[in-house]
Amino acid sequence: MTRDENILAMYLKEINKIPMISHEEEVELAQKAQAGDKAAKNKLVNSNLRFVVNVAKKYQNHGLDLSDLISEGNLGLLTAVDKFDASKGYHFISYAVWWIRQSILKAICEKSRAIRLPLNRANELVQIEHARKVVGTKKTEQQEYEEIGAMLNMDASHVRDMINISREMISLDAEVNDSDNGHSKVGDFFEDNAYDRPEEKAIEKSMHEEIDGVINTLRPNEARVIRMRYGLNGAKPMSLKEVGEECSLTKERIRQIEKHAIVRLQHPTRARRLEAYVA
């Protein structure tokens, strides 16, 4: 056992020695604690530490160790003692369980992931993980999402998104054993799409220059209409009506000019200059 496991085992052994209290004692201690009696408050807390452990065990495998879950649950127990009103007739632990769970869920939200989740989403993840154990593994992913969604009254797409969120994050700097290249990093296998590739940029620039060169062989009015109609050089494509208004010509005349320009562009001497860029 590791040092942490030994400490946890000792803690569990110690709290099991603390005697349980009756409902009458519980009410009496709660009233004294409410009046400021620290000894009564401590006794009420200590007698319910075992219950916190039982609750914490249900939230294992969500990014926090059991010892951390117990510690967070104990904080919720302390809050419950401060807020409990014995005069309403409830059992203390029935009231405290909500505070214990909220404290544990809040810790899971804030401390278990690199990306913080809202409390309601963390609670949904816990429900989904429990449902996954019931559903089993002998199904396709989509079947699993649909069955869990039916059990929890959630959309299958929402279940899928929540499961994806719950997956452990991996650093791009994490090492990967690559038999071909020795030790590589995870980031080495991802393409950086933030910037254009130099060869693609060069081809694109060359293509733009060739297109401009070919269009410049047309008559000036034809070149202008083609550039405006097809939005060349990053401009927005324009309709026949918009081009006509820009050139002070009718829509039909613009259509005629465009048609004639396209026929001229199809001439072999012009087409050959651009055929290398046609996929």
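Residues numbered from 1 in each chain as written. Predicted model: local features only at pLDDT ≥ 70, side-chain atom pairs only at ≥ 80, totals over all residues. Heavy atoms only, no water.

**What about the side chain of Glu26?**
Then comes step 1: Among the structural elements, Glu26 can be located in helix α2 (residues 23-34).
Then comes step 2: It turns out Glu26 is buried and unbridged, and the closest side chain with the opposite charge, Arg50, is 12 Å from it. (Helix = DSSP H or I, 4+ residues; strand = E, 2+ residues; numbered from the N terminus. Buried < 20%, exposed > 50% of the residue type's maximum accessible area, 1.4 Å probe, protein only. Lys, Arg positive; Asp, Glu negative; His and termini not counted. Salt bridge = Lys/Arg side-chain N within 4 Å of Asp/Glu carboxyl O.)

**So, the nonpolar core**
Then comes step 1: The biggest cluster of nonpolar side chains holds 33 residues, and the ones touching the most others in it are Leu44, Tyr59, Leu69, Leu77, Phe92, Ile100 and Ile104.
Then comes step 2: Elements represented by at least two residues in this core include exactly α1 (3-15), α2, α3 (38-46), α4 (49-57), α5 (66-83) and α6 (92-111).
Then comes step 3: Ranked by residues supplied to this core, first place goes to α6 with eight residues.
Then comes step 4: Other than its neighbours up to four places away in sequence, Ile104 contacts Val55, Ala56, Tyr59, Leu69, Glu72 and Gly73. (Core = buried A, V, L, I, M, F, W, Y, C linked by side-chain atoms within 4.5 Å. Contact = heavy atoms within 4.5 Å.)

**Digging into the UniProt feature "domain: RNA polymerase sigma-70" (unreviewed entry) in the protein chain**
Then comes step 1: The UniProt entry lists residues 68-81 and 239-265 under the feature "domain: RNA polymerase sigma-70" (unreviewed entry), expressed in the numbering used here.
Then comes step 2: Helix makes up 100% of residues 68-81 and strand 0%, whereas the separation of the span's terminal C-alpha atoms amounts to 20 Å.
Then comes step 3: Taken end to end, residues 239-265 is 85% helix and 0% strand, and its first and last C-alpha atoms sit 20 Å apart. (UniProt positions renumbered as here; feature names shortened; annotations may be inferred.)

**Regarding a negative patch on the surface**
Then comes step 1: Negative charge collects at one region of the surface, where Asp4, Glu5, Asp65 and Asp68 lie side by side.
Then comes step 2: Turning to its location among the elements, Glu5 is positioned in helix α1. (Patch = residues over 30% accessible without salt bridge, like charges linked within 9 Å, V, L, I, M, F, W, Y side chains within 5 Å. Areas by Shrake-Rupley, 256 points an atom, 1.4 Å probe, with all protein chains shown as cover. Charge placed at Lys NZ, Arg CZ, Asp CG, Glu CD.)

**Thoughts on unusual backbone geometry**
Then comes step 1: The backbone of Asn153 sits at a positive phi, close to 60 degrees, despite the residue not being glycine.
Then comes step 2: Mapped onto the fold, Asn153 is located in the loop between α8 (141-152) and α9 (156-166).
Then comes step 3: Of note in the backbone geometry, Ser248 takes a positive phi value of approximately 60 degrees without being a glycine.
Then comes step 4: By the element assignment, Ser248 lies in the loop between α12 (240-247) and α13 (251-265).
Then comes step 5: A relative accessible area of 66% means that Ser248 is categorised as exposed.

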